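What the coordinates show
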Amino acid sequence: MGSGKSAVGRRLATRIGLPFRDVDADVEASAGRTIAEIFASDGEAHFRDLEHDAVARALTEHPGVLSLGGGAVMDPRTQSVLADYRADGGLVVLLDVSLRYAMHRIGSAASRPMLADDPRERWTRILAARRPTYERVSNLVVDTDQRTLGAVVREIAARLGVDEAASPDEGC
Ligand SMILES: Nc1ncnc2c1ncn2[C@@H]1O[C@H](COP(=O)(O)OP(=O)(O)OP(=O)(O)O)[C@@H](O)[C@H]1O
Ligand SMILES: O=C(O)C1=C[C@@H](O)[C@@H](O)[C@H](O)C1
Ligand SMILES: [Mg+2]
């Protein structure tokens, strides 16, 4: 949370000329409720089911950049569809961020139920538990601390082999 998945994903998609999709937004659109409302009324397990369905659907029908929710890859079914995606040549990017930068970017944790009560403590504990899985499911790790959105996007675009000359800097 706060690594820049949504912001980087959107800019990367613009840069490489492909559509962008965000799993958190897909879940909210199909449920007609915010993530915070889904957690409050139906609980995390129900949210995780909706989230897995949204990832699986997007990976089959969406041809561009996909931003996953921060906990999506903890579902073994999602790990499996991502393994297939990588085996087909897909790039799965882990955006790395430290607590300090994440807290600065997140600002209010009101819309992030996983961080309720004590965002710093929760974020640290969640990341420690998830980190091995994040590393296992990704095939590119990009450090985002002290780097602009533009710099992060450029590193991923370079890995994708996007021609710098054909993709003018977005000035970020
Ligand atoms: N490298 C960066 N430099 C400066 N600001 C950044 C950077 N990456 C992200 N941000 C900003 O931090 C905020 C949070 O980013 P974003 O919403 O993309 O995070 P996220 O990983 O999608 O979080 P979540 O898991 O909660 O969906 C946004 O305002 C975004 O513009
Ligand atoms: O890290 C998490 O578990 C979450 C991250 C967000 O992207 C949302 O998917 C939701 O708030 C849960
Ligand atoms: Mg996001």
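Anyway, here's the lowdown on the structure attached to this text. (Residues numbered from 1 in each chain as written. Chains lettered and ligands numbered in written order. Predicted model: local features only at pLDDT ≥ 70, side-chain atom pairs only at ≥ 80, totals over all residues. Heavy atoms only, no water.)

Here we look at unusual backbone geometry
For Asp 117, which is not glycine, the phi torsion reads 80 degrees and is therefore positive. Within the element layout of this structure, Asp 117 appears in the loop between helix H6 (99–106) and helix H7 (119–137). We classify Asp 117 as exposed; its relative accessible area is 76%. Of note, Gln 146 is a non-glycine position whose phi angle comes to about 55 degrees, a positive value. (Helix = DSSP H or I, 4+ residues; strand = E, 2+ residues; numbered from the N terminus. Buried < 20%, exposed > 50% of the residue type's maximum accessible area, 1.4 Å probe, protein only.)

Overview of the site of ligand 2
Around ligand 2, the surrounding shell consists of Met 1, Asp 24, Ile 35, Phe 47, Arg 48, Glu 51, Gly 69, Gly 70, Gly 71, Pro 113, Met 114 and Arg 130. A distance of 3.1 Å separates an oxygen atom of ligand 2 from a polar atom in the backbone of Gly 70. For ligand 2, the protein covers 95% of the area, taking 310 Å² as the surface of the free molecule. Counting residues per element, the shell around ligand 2 draws most heavily on helix H4 (residues 44–61), at three residues. Here the residues of the shell around ligand 2 sort into five nonpolar, three polar and four charged. (Near = heavy atom within 4 Å. Polar contact = N/O pair within 3.5 Å; in protein donor to acceptor, adjacent residues only side chain to side chain. Areas by Shrake-Rupley, 256 points an atom, 1.4 Å probe, with all protein chains shown as cover. Nonpolar A, V, L, I, M, F, W, Y, C, P; charged D, E, K, R; others polar.)

Quick notes on the environment of Thr 133
Secondary-structure assignment places Thr 133 in helix H7. With 58 residues separating them along the chain, Thr 133 and Asp 75 place their C-alpha atoms 10.0 Å apart. Not counting the four nearest positions on each side in its chain, Thr 133 is found in contact with Val 73, Met 74 and Gln 79. (Contact = heavy atoms within 4.5 Å.)

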